[in-house]
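Chains, contacts and geometry: an overview
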Amino acid sequence: MKKKFCTPLLLVAMLATVLSGTGQNAQIQAAKKPLLNKKKLSVCVGETAKVSVKNAKKKSKTTWKTSNKKVLKIVKKKTKSNPYAVVKGVKKGKASLTAVYKAGKTSRKLKCNVTISAKKAQKNKNTSTPLVSNKPTATPIATPVITPTATPTATPTPTWVTTWGTAEEKCDITDSAMPQIALEDSTVRQIIKVTSTGEKIRFRLTNQYGGSDVNIKSMHIAKQVTATSSQINTATDTAITVDGKESFAIPKGKVIQTDEIAFSVNALENIAISIYFGSTPTTNITGHRGARATTYQISGNNVSTETFSSPKTTTSWFFLADASLLTYGGSKSVVCFGDSITDGYGTDATYLGKKPDRYTRWGDYFAKRLQENEKTKKVSVINEGIGGNSMLGSWPTDAGKDRFSRDLLEHDGVAYCIILFGVNDLDKLESTDKYNSLLPEYKKMIQLCHDNGIKVYGAPILPFGTSSYYSTASEKVRQMINNWMRSSESKLDGIIDFESAVADPANPQNLLAKYTHSDGLHPYDGYKAMAEAIDLSMFE
């Protein structure tokens, strides 16, 4: 009987040996890839757990970070040779632990999702309470009649409110404004200053004017270390996704919204948005020329690189429309709608010794004042100024009358609007006929604000008597518009008198020479005086 089964058994054994060898080869191949020993983890508040990288090479380096330090923090870590991180639950919630593994040219991003639950001690106390006493508890339980704390302690409804925004323009590549090298296969690090505080953030990205899709291979956010450098705090570096994916496209002619991410910011902090681009439009780029902040560009994927080495620089933003924070308890935003004076022209004028990254537009000073006043700390500022733009003309992009609805209503939590606009329509007029074309547009803008429950404040047009714009008819139309704004007929909710703040008292049709220098149109050194003229009680 044994001889009959000997040959089949040998065949089975040989086949098993071959198969096991194949399986081992597959396992060996799989073993070469670095992996986290845990993809999911649960810890209680106050507890620690260890996560390590399997199959790490000796000369590899691993960078560890958490998505939210207020929920999960790293208490110990090793970056080389058998890398690991020990994490501790800080408070109840969810967070992720990310390991960026690099070995030679190999780079992998490994992620462990962590759930932090309440302390075990709390649970034990709750389970032990029935054993405290055998005495009847009816009377003590009935006595807490004084419990009107339910309403005050209820969690406020979270609301998305825009903390930063800019007015999109149709731009082409130029030596001074747009990218110095092709966007494709480069990383662009753009800096924004948030104007409110929150713990979750999301972005609107725009390709409104592009003739082809914008392909984004990776997009990260981090805190800038210093205002004049590309350096970021890598401990805050966090990936931004759309529909859960790190690579995504902004379709031509469209605006998209990113996923919300846990990212804690304080008002007036500088945030770096680093984008690694695939193919993009090369003309009609949707952006904003007058960032007044330095944008850094370098070849290749460098979204998580701490400091760019010899980057190309511009002072423009690309494809960013706004950033919103998830806030609580009465937060709201104010749209500052205008032209180059709102855009901050001259604040980076090198011939006056000025540089970008100083944040000295009137909107910047206004945001700072709001934060210094306890009753207005929850009001954020959105700058919707475009240099050269006019109410009726379409240079360099849509006319003011056509972009106003977008710039007012596409942001989150808008409660106020300041309109300082129209001076570019008054260039060397020969008659006052322009007034009849401008007045209906102002009325439409005011009505749109009121139809959407937004308070709208008018800022009379600043004087420009010593500029090339001046003519007798131009000055007459300026005064006609300003007088109408100040009248009850305008139906404005109030006046913000920038005009008086920067006008020459001896000759009110001119800007003060100390503010405008030889320009006559822009108040280079008067932006702070403008912001100080705003009555903050209008925003309380």
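Refer to the structure presented above.
First things first, this report covers the structure right here in the doc. (Residues numbered from 1 in each chain as written. Predicted model: local features only at pLDDT ≥ 70, side-chain atom pairs only at ≥ 80, totals over all residues. Heavy atoms only, no water.)

1. Looking at the sheet that holds strand S1 (residues 35–36)
Spatially, the four strands line up as an open sheet ordered S1-S3-S6-S5, and their pairing is antiparallel. Bordering the open sheet on either side are S1 and strand S5 (72–78), each of which pairs with just one other strand. Across two bridges, the pairing between S1 and strand S3 (residues 48–54) is antiparallel. Its bridge partner lying in S3, Leu36 is registered against Val53. (Pairing = 2+ DSSP bridges. Helix = DSSP H or I, 4+ residues; strand = E, 2+ residues; numbered from the N terminus.)

2. Notes on the packing of helix H7 (residues 400–409) against helix H8 (residues 434–451)
Between H7 and H8, the least distance of the axes is 11 Å, while the angle of their chain directions is 15°. By the criterion of interaxial angle, the relationship of H7 to H8 is roughly parallel. Crossing of H7 over H8 shows right-handed handedness. Along the contact surface, H7 presents Lys401, Phe404, Ser405, Leu408 and Leu409, while H8 presents Glu441, Met445, Leu448 and Cys449. Partitioning the contact of H7 with H8 into residue classes produces six nonpolar, one polar and two charged. (Axes fitted to C-alpha atoms, helices over the stretch in contact; angles between N-to-C directions. Parallel < 35°, antiparallel > 145°, perpendicular 65-115°, else oblique. Left-handed = near helix turned anticlockwise from the far one by under 90°. Contact = heavy atoms within 4.5 Å. Nonpolar A, V, L, I, M, F, W, Y, C, P; charged D, E, K, R; others polar.)

3. A closer look at H8
Between the first and last C-alpha of H8 there are 26 Å, a value that for 18 residues agrees with the 26 Å anticipated at 1.5 Å per step. Turning to H8, its buried residues number three or more, namely Tyr435, Leu438, Leu439, Glu441, Tyr442, Met445, Ile446 and Cys449. Buried residues in H8 make contact with strand S24 (332–338), H7, strand S26 (414–420), strand S27 (455–458) and helix H9 (472–486). Of the residues flanking the end of H8, it is Gly453, one or two places downstream, whose phi is positive at about 70°. (Expected span 1.5 Å × (residues − 1). Buried < 20%, exposed > 50% of the residue type's maximum accessible area, 1.4 Å probe, protein only.)

4. Thoughts on the packing of aromatic side chains
Inspection of every chain in the model, using the stated rule, returns 14 aromatic pairs. Where Trp164 meets Trp317, the ring centres are 5.0 Å apart and the plane angle is 85°; that geometry is what we call edge-to-face. Of this pair, Trp164 sits in strand S9 (residues 158–165) while Trp317 sits in strand S22 (residues 317–318); the two residues are 153 residues apart in sequence, bridging distant segments of the chain. With relative accessibility at 3%, the residue Trp317 sits in the buried group. Put simply, the rings of Trp362, Phe366, Tyr416, Tyr457, Phe498 and Phe539 touch in pairs and so form one group of aromatic residues. Sitting above the plane of the Tyr359 ring, Lys193 keeps its charged end 4.5 Å from the centroid. Of note, Arg202 hangs over the ring of Trp160, and the distance from its end group to the ring centre comes to 4.1 Å. (Phe/Tyr/Trp six-rings, centres within 6.5 Å; stacked < 30°, edge-to-face > 60°. Lys NZ or Arg CZ within 6 Å of the ring centre and 35° of its normal.)

5. A word on the environment of Lys61
With respect to the secondary-structure elements, Lys61 resides in strand S4 (residues 61–66). The class for Lys61 is partly exposed, based on a relative accessible area of 47%. A C-alpha to C-alpha distance of 9.2 Å links Lys61 and Lys78, two positions 17 residues apart in sequence. Ignoring sequence-local partners within four residues, the contact set of Lys61 consists of Thr79, Val100, Tyr101 and Lys102.

6. Describing the pattern of salt bridges
On inspection of all chains with the given rule, the structure shows 24 salt bridges. As a salt-bridge pair, Lys109 and Glu246 come within 3.6 Å of each other at their nearest N and O atoms. Of the two residues, Lys109 sits in strand S8 (residues 106–117) while Glu246 sits in the loop between strand S14 (232–239) and strand S15 (248–250), which places them 137 residues apart along the sequence. Given a relative accessible area of 38%, Lys109 falls into the partly exposed group. (Salt bridge = Lys/Arg side-chain N within 4 Å of Asp/Glu carboxyl O.)

7. Regarding H7
Gly400, Arg403, Phe404, Arg406, Asp407 and Leu408 are the residues of H7 that are buried. Looking at the buried residues of H7, the elements they touch are S24, strand S25 (379–385), S26 and H8.

8. A word on the nonpolar core
Judged by nonpolar contacts, the single largest core of 34 residues is most densely connected at Ile192, Phe203, Leu205, Ile216 and Met219. Of all the secondary structure elements, the ones that give two or more residues to this core are strand S11 (186–193), strand S12 (198–206), strand S13 (214–224), S15, strand S17 (261–265), strand S18 (270–277), S22 and strand S23 (320–328). Beyond its immediate chain neighbours, meaning those up to four positions away, Ile216 contacts Leu205, Glu246, Ser247, Phe248, Ile250, Ile275, Tyr276 and Phe277. Core analysis: the second largest hydrophobic core is formed by 32 residues, Ile382, Met391, Tyr442 and Ile481 among them. (Core = buried A, V, L, I, M, F, W, Y, C linked by side-chain atoms within 4.5 Å.)

9. Overview of the environment of Ala415
Its location among the elements puts Ala415 in strand S26. As for Ala415 and Lys332, which are separated by 83 residues in sequence, their C-alpha atoms are 5.9 Å apart. Not counting residues up to four positions away in its chain, the partners in contact with Ala415 are Lys332, Ser333, Gly453, Ile454 and Lys455.

10. Thoughts on the pairing of S18
Burial analysis of S18 places eight of its eight residues in the buried class, the great majority of the element. Residue alternation in S18 divides its side chains into two sets, Asn270, Ala272, Ser274 and Tyr276 and Ile271, Ile273, Ile275 and Phe277, and both sets are buried. Sheet analysis places S11 next to S18, joined by seven bridges and oriented antiparallel. Paired with Lys193 across the bridge in S18 is Asn270. With seven bridges connecting them, S13 and S18 associate as antiparallel partners.

11. Remarks on the pairing of S23
Among the nine residues that make up S23, eight are buried, leaving the element largely enclosed by the rest of the structure. One ladder, built from five bridges, connects S12 with S23; its direction is antiparallel. Within S23, the position partnered with Phe203 by the bridge is Ala323.

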